[in-house]
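# Residue-level structure breakdown
Read off the chains here:
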Amino acid sequence: MTGYEKNKEKLLRQIQALAFAQNEWVLFLDTHPHEQRALREYHKITKHLQELEECYNENFGPLTPADVRSESDWTWVNSPWPWEK
């Protein structure tokens, strides 16, 4: 595995971990909507997740079809999808 592939995989794993944590905070906030600490943590994780997703999109291509930014090419199909090895 090349350094490029290792960085890609590492970034994807970080995104997956944060997405999981974000979902856990959503579930907690669904039952505790006025918990300020939880809301702060949710926003902190969401911001970090957005930053990592943007980094992934810039360096490795779109993470989801919604991340395609090109007006002239459907770049979603240009490389293996994130879950493909």
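Look above for the structure.
An account of the accompanying structure is given in this report. (Residues numbered from 1 in each chain as written. Predicted model: local features only at pLDDT ≥ 70, side-chain atom pairs only at ≥ 80, totals over all residues. Heavy atoms only, no water.)

## Examining the overall build of the protein chain
Rules: Helix and strand definitions here come from DSSP, where helices need a minimum of 4 consecutive H or I residues and strands a minimum of 2 consecutive E residues; each element is numbered from the N-terminal end. A radius of gyration in this sense is built from C-alpha atoms; the matching globule rule multiplies 2.2 Å by the number of residues raised to 0.38. For each residue, the accessible area found with a 1.4 Å probe, counting protein chains only, is set against the maximum for its type, and the residue is called buried under 20%, exposed over 50%, and partly exposed in between. Working rule for contacts: check all heavy atoms of both residues, and any pair within 4.5 Å makes them a contact. Every accessible area reported is derived by Shrake-Rupley at a probe size of 1.4 Å, with residue values counting cover from the shown protein chains alone. As used throughout, the charge tally considers Lys and Arg to be positive and Asp and Glu to be negative, leaving His and the chain termini uncounted. Each charge is placed at NZ for Lys, CZ for Arg, CG for Asp and CD for Glu.
Counting its secondary structure elements, the protein chain contains two helices and zero strands. Here the protein chain has a C-alpha radius of gyration of 15 Å; the compact-globule value for 85 residues is 12 Å, and the former is much larger. Taken along its principal axes, the extent of the C-alpha atoms in the protein chain is 45 × 30 × 20 Å. Put simply, the protein chain has 85 residues, and 27% of those count as buried. Excluding contacts between residues fewer than 6 apart, the proportion of contacts in the protein chain whose partners are at least 24 apart in sequence is 45%. Within the structure as shown, the protein chain displays about 6,400 Å² of accessible surface, and the carbon and sulfur contribution to it stands at 55%. When the 10 basic and 14 acidic side-chain charges of the protein chain are each reduced to a single mean position, those positions are 8 Å apart.

## Quick look at the pattern of salt bridges
Heads up, the rule is: What counts as a salt bridge is simple: a side-chain nitrogen of Lys or Arg found within 4 Å of a carboxyl oxygen of Asp or Glu.
Under the definition given, this model contains two salt bridges. Note that E51 and K47 form a salt bridge whose closest N and O atoms lie 3.8 Å from each other. Of this pair, E51 and K47 are both found in helix α2 (residues 36-60), four residues apart, which corresponds to roughly one turn of the helix. A relative accessible area of 44% means that E51 is categorised as partly exposed. When its relative accessible area of 53% is taken as the criterion, K47 is described as exposed. Residue D67 is joined to R69 by a salt bridge in which the shortest nitrogen-to-oxygen separation is 3.9 Å. Of the residues examined, R69 reaches a relative accessible area of 55% and is grouped as exposed.

## Comments concerning the packing of helix α1 (residues 3-31) against α2
The cut-off we apply is this: The axes used here are C-alpha line fits, helices contributing only the stretch in contact, and every angle between their N-to-C directions lies in the interval 0 to 180 degrees. Any angle that is under 35 degrees is reported as roughly parallel, and any over 145 degrees as roughly antiparallel; angles of 65 to 115 degrees are reported as roughly perpendicular and all others as oblique. Should the near helix be turned counterclockwise from the far one by less than a right angle, the crossing is left-handed, whereas a clockwise turn marks it as right-handed. When residues are sorted by character, Ala, Val, Leu, Ile, Met, Phe, Trp, Tyr, Cys and Pro go into the nonpolar class, Asp, Glu, Lys and Arg into the charged class, and all the rest, Gly among them, into the polar class.
Between α1 and α2, whose axes approach to 9 Å, the crossing angle comes to 155 degrees. Looking at the two axes, α1 sits roughly antiparallel to α2. As α1 runs across α2, the sense of the crossing is left-handed. When grouped by side-chain class, the residues that make up the contact of α1 with α2 number 20 nonpolar, six polar and four charged.

## Some details on the nonpolar core
The criterion, for reference: By convention a nonpolar core is built from buried Ala, Val, Leu, Ile, Met, Phe, Trp, Tyr and Cys residues, the set being connected through side-chain atoms within 4.5 Å.
Membership of the largest hydrophobic core comes to 13 residues, with the highest contact counts inside it found for L11, I15, L18, L52, Y56 and L63. Of all elements in the fold, only α1 and α2 reach the threshold of two or more residues within this core. Aside from chain neighbours lying at most four places away, what touches I15 is L49, L52, E53, Y56 and L63.

## Re α1
Think of an α-helix as 3.6 residues a turn; residues three or four steps apart then line up on the same face. Note the threshold: An expected span of 1.5 Å times one less than the residue number is assigned to each helix.
For α1, spanning 29 residues, the distance from its first C-alpha to its last is 43 Å, which sits close to the expected 42 Å at 1.5 Å a residue. Those residues of α1 lying buried are K8, L11, L12, I15, L18, Q22, W25 and L29.

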